[in-house]
Amino acid sequence: MSGSFYFVIVGYRDNPVFEMKVLPAGKFIAHAALDLTDENMWLLNNMFLKTVDKFNEWFVSAHVTTGHMRFIMLHDIRQEDGIKNFTDVYDLYMKTVHNIWWVLHQFYVQVSNF
Amino acid sequence: MSPTQWDFPVELCCRPMAFVTLTGLDVVFNAVHRAVWDAFCANRRADRVPISFKVLPGDHEYPKCRPKRTSYEWYIPKGILKTGWMNKHLNLVPALVVVFYELDWDEPQWKEKQSECATRVEIVRQSLQGRNTKVAVVLIQKKTPLPPGEDVIASERAAALCDACELSGKSLFVLPHTDHLVGYIIRLENAFYEHAQTYYYTEIRRVKSHKEFLNKTTHQLLFVRHQFKIAFFSELKQDTQNALKNYRTAYNLVHELRAHETNILEIKTMAGFINYKICRLCFQHNTPLDAIAQFRKHIDFCKKKIGSAELSFEHAAWMSKQFQAFGDLFDEAIKLGLTAIQTQNPGFYYQQAAYYAQERKQLAKTLCNHEASVMYPNPDPLETQTGVLDFYGQRSWRQGILSFDLSDPEKEKVGILAIQLKERNVVHSEMIITLLSNAVAQFKKYKCPRMKSHLMVQMGEEYYYAKDYTKALKLLDYVMCDYRSEGWWTLLTSILTTALKCSYLMAQLKDYITYSLELLGRASTLKDDQKSRIEKNLINVLMNESPDPEPDCDILAVKTAQKLWADRISLAGSNIFTIAVQDFVPFVQCKAKFHAPSFHVDVPIQFDIYLKADCPHPIRFSKLCVSFNNQEYNQFCVIEEASKASEVLENLTQGKMCLVPGKTRKLLFKFVAKTEDVGKKIEITSVDLALGNEMGRCVVLNWQGGGGDAASSQEALQAARSFKRRPKLPDNEVHWDSIIIQASTMIISRVPNISVHLRHEPPALTNEMYCLVVTVESHEKTEIRDVKLTAGLKPGQDANLTQKTHVTLHGTELCDESYPALLTDIPLGDLHPGEQLEKMLYVRCGTVGSRMFLVYVSYLINTTVEEKEIVCKCHKDETVTIETVFPFDVAVKFVSTKFEHLERVYADIPFLLMTDVLSASPWALTIVSSELQLAPSMTTVDQLESQVDNVVLQTGESASECFCLRCPSLGNVEGGVATGHYIISWKRTSAMENIPTISTVITLPHVIVETIPLHVNADLPSFGRVRESLPVKYHLQNKTNLVQDVEISVEPSDAFMFSGLKQIRLRILPGAEQEMLYNFYPLMAGYQQLPSLSINLLRFPNFTNQLLRRFIPTSIFVKPQGRLMDDTSIAAA
């Protein structure tokens, strides 16, 4: 099954804030990938960390905001270009955060172009 | 674990070392030989040359050498590498055979011995026929050899012996059996090592020489084989660089082979071997990145080469082994000093190995699910004649067959069946768990906690599959809290589901209940139908029945579990389970909230317990009790099911004891606090909610404090931040999120209903008995008893104030130091409603400044709360700040008898002391009396009686007194002479008769006393009149005990004529007085300057006219001449 993905935004306390998935499993992998995301975060200068980890058929891409929110994307096709969509998500995220009505646990982003 | 088919052979994994055999040593019976052997093999440290030694008899048969092939033209190889080859060169075919022989140079029977030695060498040579193995001879000698060249016999005989044995001089050694055995041995083995290297070098050359005979079509396998051999010999030669180079070539050659289903296992096996060697050497050369790169390339090459679909589990097993072996190599390198990092450590390889082991298990499960009736084939197709395979990676039933077509499909089928049936017996879980736990250890070491948790979940699941439920639960339970604390609810749910299965299968009641509670809770992401099923099971368990089995459990295990559950039921007793909920997220939420942060003791304490169930169906509870820090209140806060089981089904959805999903249930509790708890905090220490009852099973959910579980603190935080508008609810309902836990309250005393007034006239005057009138009036409806007053300086101020403030109830006597600053608990008796009483207090303040005074009235009153009579202690306090000031300012000054200000006084000459009392009090003061107490050094000139008795001073008014004093000569006193004290007795004019007067003592200043040699004073009238004689007499007193020469002159003045001595010089005896008489005749009216007297003392040049002017007048008022006629005319007019 290709084209599956699982997207999660992880908050400061390592809690999932927003989840979106097009596959049944793999969440454990996303959680476990936080170790490497946190490690890479300090090694690289970019916010987009590209593929931080690989578990068998799964690729894990990550994006870290300056506020230490982590966007984790689990996908089964290697595509660095496709993942550039993080910028779009980041855009939406920033708009939402700057909205004074922002509510952390209800934070919802429409991701249309996946 | 015994080695499996997939484990690498030992000879592959060991470090190859040159093989040298030692013959002619009798290590069992000959002590010398034993010592020699020990020196070779015991305690071999890393700095010794890498040789593996073996003792063999002189006539040992070495493996036969096959005849040299002259042409490869018709030769077709049957496989890549023979299974025995590595072992043969490591342990069977030596690089060098050493013949030990005991022979001294001065041996008498030299000839015989020499030929015996030659025979031995010959025997060895024969058994090595056709091999390039070197032979060396070591002579064990008893005597220490002479230095080379000195022993002529020795060199002769050595040459002879070499000839006889056909040895070169380099292959003959002497080993003197003396003290320095180890030293000789080390030199020997270094020589052996050189020979061995030469041997392996020639072997490499020999293998290389075959190359030119090979062709690419038929000898592809040989290319790999030869390359591998060259690399292996290089390793034996300890030339690891070349070994690595050749292994790399061999690796590339393996992948050039034509792969087919029939030989793919062989290719993979060899590729695996060579890859292992390459990675091992890379780590050895400290180039770990090369090792990792090679391994990645290897995996990329091979992972798609699955081979036969029916045996695909073999591929998974092979993959798993590749990763595991690499992990081991990596780990070993780290132990030798390599540094690994979070992102690159052996854990990842073990994890992959585990992954493939899991895949192997899955594949085996689908491919090997033969009926029980399928028998293992006979004869065993996996058996070979020798018991081992000829070539690595070949199938036993078609060894050496190179054809890609299957010659015998039937045989193939049987073979595959045999492998499948064997696979069925493999304990996969055990392997998976071992690999996972290896990985866990690594991730723990490299600080990847979540990776570790993930693997532990997998381990737990694997234990579950392996039916080791206890271990599974232990692991799952351990990781659960990590996922819970980070709020990954879906992951938590998944773990809980497995844990629930485990606890079901073991019939672990408490665990089963705990997991059910959480799976029904809000943290669970299960669908409603699942929750519904779990809730049903939970209710069954509470009713002392067996739950239904969990889905997807092993049928056999379920059968066992059902029996266990049945046994559990028949057991009586210990059916109450208390579960502390703060560490997880149960399906009932609880919040306790006191109505107020504090309660007066005369009103009942009220609080609400809010309960909310998150399960799909309503649930009943049997008991709710609240515990407090003061356990006496516990009894008042219990709700218990009144009806017994019979009525349970009725009112299921009504009544207090039923929780409806999603609805917040509020339970109000009320109790009366104890009067002795006034001022204390009442705290809810725990809330216990019992589900089920003691007839069946009972679960007590125990919340610490005022409720809340593992998830609620975070939820509270989010609720606090949330701007979300909550939908409006009916009045009697509340939003769960908006309830804030309030688990403690203060008990405070009853509100007093009396008034306390203070009457006084501030400010207070220093040291006076300041009167403070306290009025207490009761506004209570009933009589108040035991009214007590505490009054005085409020504690907690400057400590010095306490020393200088005194309070008394009796104003008629002055209080002293012994009186306290605060009077406590002065009984005032009882008061009827509306009655009032007054109490006077007197305060004496010894210092100025402001003070806070406290007036505190307490009393007892009987009151009723919730039909309960209690005695309340009430109190009311008032504070007042009172300023203390000096009543008056006293100024003192010294003046001369001419009222001129004096800075110093002159001995024996009278002067005036003037006091000036200025009232600073806003209230009128009465000076009762004043008194001057002179110091002994002072004497008075006239009476010292008070001139200000009973003078009343209003604010700003002052009273002055004047005393004439004299100070007898005392000589020169440093700092002046004490004058004495001035004492003023006073009181407020408004004060009552019986109030004592206050004496204020003022210490008078010291005065500097000076002696003068000559005192002059003048006698003259108070005024003169124009043209009337004005007699003036000057008295000159000699105050010294010397005879003084005095020059006196009088300067004329325009306003006067005068008669008398104008200029004179005279002598005055000590203590004597001289009078000078003058008659002045005023010429002008008005205030006129007198003719000035000028005195010059010859002995005291300091005595100036300036000083003189202090004592004698310089001017006088002259009245105009009276006109008698005019006077009469005026009178006439």
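From a predicted model like this one, the values you see are computed outputs, not experimental measurements.

1. Remarks on the sheet that holds strand 3 (residues 48–55) of chain A
Residues and elements named next belong to chain A.
Here's step 1: In spatial order, the strands read 2-1-5-4-3; together these five strands make up an open sheet with antiparallel pairing. The open sheet has two edge strands, strand 2 (16–21) and strand 3, and neither has a second partner. With direction set aside, neighbouring strand axes in the sheet form an average angle of 15°.

2. Looking at the interface of chain A and chain B
Here's step 1: At the interface, 31 residues of chain A touch 27 residues of chain B.
Here's step 2: It is Phe28, His31 and Asp35 of chain A that lose the most area in chain A upon contact with chain B, and together they represent 28% of the buried surface on that side.
Here's step 3: Summed over the shared surface of chain A and chain B, the result is three salt bridges.
Here's step 4: Here arginine 450 of chain B and aspartate 35 of chain A are joined by a salt bridge, their closest N and O atoms 3.0 Å apart.
Here's step 5: On inspection of chain A and its partner chain B, the count reaches six residue pairs in polar contact (both at pLDDT 80 or more).
Here's step 6: Secondary-structure elements contributing two or more residues to the side of chain A that touches chain B are strand 1 (5–10), strand 2, helix 1 (27–32), helix 2 (34–43) and strand 3 of chain A.
Here's step 7: It is helix 2 of chain A that contributes the most residues to the side of chain A that touches chain B, six residues altogether.
Here's step 8: Of the residues that constitute the side of chain A that touches chain B, the class distribution is 15 nonpolar, six polar and 10 charged.

3. A short note on helix 10 (residues 288–302) of chain B
Here's step 1: Between its terminal C-alpha atoms helix 10 of chain B stretches 21 Å, which fits the 21 Å expected from 15 residues at 1.5 Å a residue.
Here's step 2: Taken together, the buried residues of helix 10 of chain B touch helix 8 (240–256), helix 9 (264–284), helix 11 (312–335) and helix 12 (346–367) of chain B.

4. Concerning the sheet that holds strand 45 (residues 1115–1119) of chain B
Residues and elements named next belong to chain B.
Here's step 1: Overall, mixed pairing links the three strands, which are arranged 37-45-43 in an open sheet. Strands with a single pairing partner mark the edges of an open sheet, and in this sheet they are strand 37 (1023–1025) and strand 43 (1086–1089). Averaged over all adjacent pairs, the angle separating strand axes in this sheet is 40°, with direction ignored.
Here's step 2: Bridging between strand 37 and strand 45 involves three bridges; their strand directions are parallel. By the bridge assignment for strand 45, phenylalanine 1023 is matched with phenylalanine 1117.

Each value, and the rule that gives it
Residues numbered from 1 in each chain as written. Chains lettered and ligands numbered in written order. Predicted model: local features only at pLDDT ≥ 70, side-chain atom pairs only at ≥ 80, totals over all residues. Heavy atoms only, no water. Pairing = 2+ DSSP bridges. Helix = DSSP H or I, 4+ residues; strand = E, 2+ residues; numbered from the N terminus. Axes fitted to C-alpha atoms, helices over the stretch in contact; angles between N-to-C directions. Contact = heavy atoms within 4.5 Å. Buried area = accessible area lost by both parts, 1.4 Å probe. Salt bridge = Lys/Arg side-chain N within 4 Å of Asp/Glu carboxyl O. Polar contact = N/O pair within 3.5 Å; in protein donor to acceptor, adjacent residues only side chain to side chain. Nonpolar A, V, L, I, M, F, W, Y, C, P; charged D, E, K, R; others polar. Expected span 1.5 Å × (residues − 1).

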